[in-house]
Each structure stands twice: as C-alpha cells, then as structure tokens.
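Coordinate analysis (summary)
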Amino acid sequence: MSAPEPEKLGCLVCRAVPASRSEFQLKHVRSLYEAPHEGYCLYACRECHQPFLEQFQEITWLPDGEDHIWLRWMPINAEELAEVERLFPTETEDDEHAHLLAKLMHRRGRLVRDPDNRFEWFDHPWDAGNLYPPG
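Summarised in this report is the structure supplied together with it. (Residues numbered from 1 in each chain as written. Predicted model: local features only at pLDDT ≥ 70, side-chain atom pairs only at ≥ 80, totals over all residues. Heavy atoms only, no water.)

Here the focus is the overall build of the protein. Summing up its helical and strand segments, the protein has two helices and six strands in all. Mapped from its N terminus to its C terminus, the protein presents α and β elements in the order β-β-β-β-α-α-β-β. The buried share of the protein, taken over its 135 residues, is 44%. Long-range pairs, those at least 24 residues apart, make up 52% of the contacts in the protein with a sequence separation of at least 6. Taken as a whole, the protein presents about 8000 Å² of accessible surface, with 54% of it coming from carbon and sulfur. (Helix = DSSP H or I, 4+ residues; strand = E, 2+ residues; numbered from the N terminus. Buried < 20%, exposed > 50% of the residue type's maximum accessible area, 1.4 Å probe, protein only. Contact = heavy atoms within 4.5 Å. Areas by Shrake-Rupley, 256 points an atom, 1.4 Å probe, with all protein chains shown as cover.)

Looking now at the side chain of Arg108. With respect to the helices and strands, the residue Arg108 is situated in the loop between helix H2 (98-104) and strand E5 (110-113). For Arg108, the side chain forms a polar contact with the main-chain oxygen of Pro75, separated by 2.8 Å. Polar contacts involving the side chain of Arg108 include one to the side chain of Glu80, which spans 2.9 Å. (Polar contact = N/O pair within 3.5 Å; in protein donor to acceptor, adjacent residues only side chain to side chain.)

The side chains of a regular strand alternate, residue by residue, between the two faces of the sheet. The pairing of strand E1 (residues 26-35) with strand E2 (residues 38-45) spans eight bridges and is classified as antiparallel. Considered in E2, the bridge of Glu34 is made with Gly39. What sits between the antiparallel neighbours E1 and E2 is a turn of two residues. (Pairing = 2+ DSSP bridges.)

A full pass over the atoms with the stated rule returns five aromatic pairs. Between Phe24 and Trp73 the ring centres are 4.6 Å apart and the planes differ by 50 degrees, which places this aromatic pair in the tilted class. Remark: Trp73 occurs in strand E4 (residues 68-75) and Phe24 occurs in the segment before E1; sequence separation between them is 49 residues. Considering the side-chain rings of Trp73 and Phe119, the 6.0 Å spacing of their centres and the 25 degrees angle between planes classify their relative orientation as stacked. Of this pair, Trp73 sits in strand E4 while Phe119 sits in strand E6 (residues 119-122), placing them 46 residues apart in sequence. Side by side, Trp73 and Phe119 carry an identical accessibility label, which is buried. The ring of Phe24 carries Arg21 above its face, with NZ or CZ at 4.5 Å from the centroid. (Phe/Tyr/Trp six-rings, centres within 6.5 Å; stacked < 30°, edge-to-face > 60°. Lys NZ or Arg CZ within 6 Å of the ring centre and 35° of its normal.)

Okay, structure coming up:
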C-alpha cells in the first residue's frame, strides 16, 4: 500500500511559482503576530480565495554578517483557518500562541521566497531556512 497523497489546496494560479514579486498572486488579508525577527499573516489567492498562512523569518548573526529573510506561504484548510482566527482574533505581539503557528507551517508543502528573492514551491514542509530556529 502506498502513502496517501499530500493534501493539495488552491488552484493553478496560487500554486504557480512566481518569477518575481510582481507576479505574486496572493493578497494580504490581515496580520496575526509580529515579533522582531518573526511574523505571521493571513493571505488569500486573488483567483480562488484559498487562504494561506504567511511566515516571515529573519535569521540574524550569520557568519557572513548578512541577515537572511525567508518568507513562506502555506495553504490552510477551513479547520486550520478557524483555529488561527480563534487564537489570533486581532494582531498581537504576545507570543503565547506563536509556537502553534510555527508548528502549523510544517503540515504541508508551501511556497517559499529565499534570501536571494527566489521563489520555489516545496512539496514537503521544510526548506533550508528551517535549519535555524524561529526568531
């Protein structure tokens, strides 16, 4: 018996890999949590309205002296959206539930923008930026 197929959410428009930020097809809905080197927002596809959770991660104190900024957008299902809305009814800097957002970001594949501004869709929920802890 083979492993189940990963959950595919969204349409061809929001699952496409943009060549640049100007081709990015998700729109900002609202901010959830913001800290100095980490933040989360809700986004939605302009075409199908599929909700996405965005993670901003800034990795500092690297040996080359540069800070690396990673952005990730993971499609979320209705139950996940309801949970996020319940935990974050308004934007906050309180980190009480931030670890739940970080955990949620590892449930399925996501669109990633790396520190060199390259976009790539990762079918697995990890990328090179995950080698560093959030914040």
